Amino acid sequence: MKRNDFILLAAIVVIALAAFGAVSLYSAVSTREPEAVVYLNGEEQGRYPLSEDTAVEIRQGNSYNILQIRDGKADITEASCPDKICVNHRAVSKQGESLICLPNKMAVEIENSEEAGIDASTR
Amino acid sequence: MAKKTAYLGMLTALAFVFSYIEYLLPINLGVPGVKLGLANLVIIVALYTINMRWAFTLSAVRILLAGLTFGNPASMIYSLAGGMLSLAIMILAKKSKLFSVTGVSILGGVFHNIGQIGVAVLVVETAGLLYYLPVLILSGTIAGVLIGILSSILIRNLIKAIKIEDIDL
Amino acid sequence: MKKLCQAGILAVVVFALAGFACIQYGNHGPVRYEGQFYDCFDTVTTITGYAKNQEEFSEKMDLLHKKLVYYHQLYDIYHTYDGRNNIKTVNDAAGTDSVKVDEEILNLLKLGKEMYGRTKGKLNIAYGSVLSLWHEYREDGLREPQKAKLPPEEELERRARHTDIEDVILDEEWSTVRLADAEMSLDAGGIGKGYAVQKLAMYAKEIGMDHVLISVGGNVCAVGGKADGRPWTVAVENPNFDDEVPYIATVDLVDGCLVTSGDYQRYYEVDNVRYCHIIDPDSSMPPKYFSSVSVQAADSGIADALSTALFNMDYESGLSLVEEMEDVEAMWIGKDGEIRYSSGFRVNEEE
């Protein structure tokens, strides 16, 4: 092996380490704080961090749902749907939990939060 | 002419067999694309004992044969991207006269993996695959060192054993 | 000597890096994905499974979606679909002709008849005429809560006379169904979803998914366990929403189903009294025994039928029914929050 081969090796190792650092940094940046993600007809409408208390009206034509975020939990407090299943549902805060309003085709899902350790629920 | 045919035939067969061995004994580190690249040994030998045109032909024939016998169209595209990029870089590295056979082999190993992952990113449309890049660069380097050392021994002995003028065009 | 030293250092560095890289990247098995659709059985379907990448998972989801839509259309009692006879077609032809139907309608109705026998009529697929009346009054009541009314007793009694399961006549040879009573109708509500989920689970296996959790509106069915070998964890929701605790219990599932029937999801209120969507065939009224009943069984169709039937009977009758069936367990949550289990119902200890 020539001296240049060793320089090459060193350079590649440095590049690999740099790439590794970049990838790690990227995944660190992309893990985010817990948030409630709102979907209408399966399409993402907005993201609201659970750390900030807020109330949002999710409107679509004449139908609406009011999403309230308080004390780190997301809850539907009011809705135009007839069955009110979404309003009756308790507030959610754990990874994978959701609030769903079928008549309005609206769903709120919790992302980036701690796992509830549950894969599905039945009611 | 007969010698040349025999020599090329032997290299083709070897490259093919090496591909098959790697297909039978995959290295499973949990990262797709990690492999030793035994077939590259033959390509490097061809590059140093014959010329770049024949190395190129040999590489293409090997990929085609391997793809048709125990691969699939998808694996062939990956091999082709990796193999061709790797060979192009090795030819440039050899011409630059900066590196020994091992250096050239290292570059070949690294760029083989870069070529494959490049195509994978395009095909799967997931930039997330770049996550594997650092490991693939390292694994390509290690494979390159090993193959490089083997190649230089082979080349040294082959050049002694046969008259290159006999087979070079 | 110097060269040897260089090579040695090089080797150490390279192998250390390689080892480090392997540890970092070693455990990349198939990735867990989740998908949802909203257009089947008036509820939300959630499918959790594993795939190499999003694309592969989406392909499988499309196949599963098509399959579920097929069952949804087949068992739909509100809409008809071009080129396909479904349960509504059968209902529309009540009292007149036989209707040529898909094999899967016959299979469902056969299971329905079998479960009618086992539950002594507490699950009745021929109960559509009464259920549709309640459905109308519930929809109206939800639209205008101040004007919510109960269906008139005489009308309920009159309709209840047209619910004889013997009037559902199946001809397997010709693959037809005939309703002998012109005023009767089928309602697969208490069983169709569960049956479809069972078939969907089997289909998932067929298309190479060995670890899937399917939930169609809380009708949960597991194919295998999780990819890492652990069982799926399924929770039974606390019917009391005023309570802080979201779940009553969690159950481990490997190749099995858990279905709950409850009074706290679909209901309406008349004079501050809650009337749920499940109706007891013996009284034509919503039963008052429990807040919810969960059934664990190997087959989702049976679990679905039983959870409805158990919701309609007192604890003692329900318990003896469950104990005489193999591989079936149940959990009852009373209106007062009291929880009772059948002998083999296994819940996870609180962590």
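In the block above lies the structure referred to throughout.
Source: prediction; values computed, not measured.

Criteria and cut-off values
Throughout, residues of each chain are indexed from 1 in the direction in which the sequence is written. Note on labels: chains are lettered from A, ligands numbered from 1, in written order. Reporting in this predicted model follows two pLDDT cut-offs: at least 70 for local features of residues, and 80 or more for side-chain atom pairs to be given and counted; totals over whole chains, interfaces and linings ignore these cut-offs and use all residues. Water and hydrogen atoms play no part in the side-chain values, which are based on all heavy atoms of the structure. Think of a nonpolar core as a cluster: buried Ala, Val, Leu, Ile, Met, Phe, Trp, Tyr and Cys residues, connected wherever their side-chain atoms sit within 4.5 Å. Think of it in three bands: residues with accessible area under 20% of the maximum for their type are buried, residues over 50% are exposed, and the middle band is partly exposed, with areas taken using a 1.4 Å probe on protein chains only. The criterion used for residue contact is that any of the two residues' heavy atoms lie within 4.5 Å. Counting from the N terminus, the helices are DSSP H or I runs at least four residues long and the strands are E runs at least two residues long. How far a helix is expected to stretch is found by multiplying one less than its residue total by 1.5 Å. Pairs of N or O atoms are called polar contacts if they sit within 3.5 Å, as long as, within protein, a hydrogen donor faces a hydrogen acceptor (for residues adjacent in sequence, only side-chain-to-side-chain pairs). Buried area counts how much accessible surface, traced with a 1.4 Å probe, disappears from two parts once they are put together, with both parts' losses summed. Counted as salt bridges are all cases of a side-chain nitrogen of Lys or Arg within 4 Å of a carboxyl oxygen of Asp or Glu. In this count, Pro and Cys sit with the nonpolar residues alongside Ala, Val, Leu, Ile, Met, Phe, Trp and Tyr, while Asp, Glu, Lys and Arg are called charged and the others, Gly among them, polar. Two strands pair if DSSP finds at least two bridges between them. Centres within 6.5 Å make a pair out of two Phe, Tyr or Trp rings, where for Trp the six-membered ring is used; the pair is then stacked when the planes are under 30 degrees apart, edge-to-face when over 60, and tilted otherwise. Should the NZ of a Lys or the CZ of an Arg lie within 6 Å of a ring centre and within 35 degrees of the ring normal, that charge is described as sitting over the ring.

J.: Would you mind showing me how to read the nonpolar core here?
T.: Soluble, globular proteins show a tendency: their nonpolar side chains are buried together. Within the largest apolar cluster, 75 residues are counted, with the highest numbers of intra-cluster contacts made by C:Tyr75 and C:Leu310. Ignoring sequence-local partners within four residues, the contact set of C:Tyr75 consists of C:Phe41, C:Ile87, C:Glu104, C:Ile105, C:Leu108, C:Gly192 and C:Tyr195. Core analysis: the second largest hydrophobic core is formed by 38 residues, B:Leu38, B:Ala55, B:Ile137 and B:Val145 among them.

J.: Where do I start with helix α4 (residues 103-118) of chain C in this structure?
T.: Count 3.6 residues to each turn of an α-helix, and residues three or four apart come out pointing the same way. Residues and elements named next belong to chain C. Here α4 contains 16 residues, and its C-alpha end-to-end distance of 23 Å stays within 8% of the 22 Å for a straight helix at 1.5 Å per residue. On its buried face, α4 is in contact with α2 (54-74), α3 (87-92), β4 (168-171), β5 (176-179), α7 (192-206) and α8 (300-311). By the N-cap criterion, in which a side-chain oxygen at the helix start approaches the backbone nitrogen of a residue two or three places on, α4 is capped by aspartate 102, the distance to glutamate 104 being 3.0 Å. Lysine 120 sits one or two positions beyond α4 and adopts a positive phi of about 50 degrees.

J.: Help me out: how do you make sense of helix α5 (residues 128-143) of chain C in this one?
T.: Residues and elements named next belong to chain C. In this model α5 runs 22 Å from its N-terminal to its C-terminal C-alpha over 16 residues, within 8% of the 22 Å that 1.5 Å per residue would give. Turning to α5, its buried residues are Gly128, Ser129, Val130, Leu133, Trp134, Arg138, Gly141 and Leu142. Buried residues along α5 sit in contact with α6 (153-160), β11 (267-270) and β12 (273-276).

J.: How should the interface of chain A and chain B be read in this particular structure?
T.: Tallying the contact residues gives twelve residues for chain A and 16 residues for chain B. Of the roughly 1200 Å² buried where chain A meets chain B, counting both sides, 80% is carbon and sulfur surface. Considering only the side of chain A, the residues that lose the most area to chain B are A:Leu8, A:Ile12 and A:Val23, jointly responsible for 35% of the buried surface there. Where chain A meets chain B, there are zero salt bridges. Applying the counting criterion to the chain A and chain B interface returns two residue pairs in polar contact (both at pLDDT 80 or more). Its residues assigned to classes, the side of chain A that touches chain B comprises nine nonpolar, one polar and two charged.

J.: Got a minute to help me understand the sheet that holds β4(C) in this structure?
T.: Strands in a sheet are paired, the pairing made by backbone hydrogen bonds, and the direction either parallel or antiparallel. Residues and elements named next belong to chain C. Pairing is antiparallel in the open sheet, where three strands are placed in the order β3-β5-β4. The outermost strands of the open sheet, each flanked by one partner alone, are β3 (99-100) and β4. Here β3 pairs with β5 via two bridges, running antiparallel. What sits directly across from lysine 100, in β5, is threonine 176.

J.: Can you walk me through the packing of aromatic side chains in this structure?
T.: Any pair of aromatic rings gets described here by the distance separating the centres and the angle formed by the planes. The final tally for this structure, using the stated rule, is 14 aromatic pairs over all chains. Between C:Tyr289 and C:Phe290, the aromatic rings sit 6.0 Å apart at their centres with planes inclined by 45 degrees, giving tilted as the arrangement. Judged by its relative accessible area of 37%, C:Tyr289 falls in the partly exposed class. On the accessibility criterion, C:Phe290 (2% relative accessible area) is buried. In this structure an aromatic cluster arises from ring pairing among B:Phe16, B:Tyr20, B:Tyr23 and B:Phe70. Lying across the ring of B:Tyr48, B:Lys94 places its NZ or CZ 5.2 Å from the centre. Its guanidinium or amino end placed over the ring of C:Tyr203, C:Lys67 lies 4.6 Å from that ring's centre, counting from NZ or CZ.

Interpretation in functional terms is not warranted from these geometric data alone.
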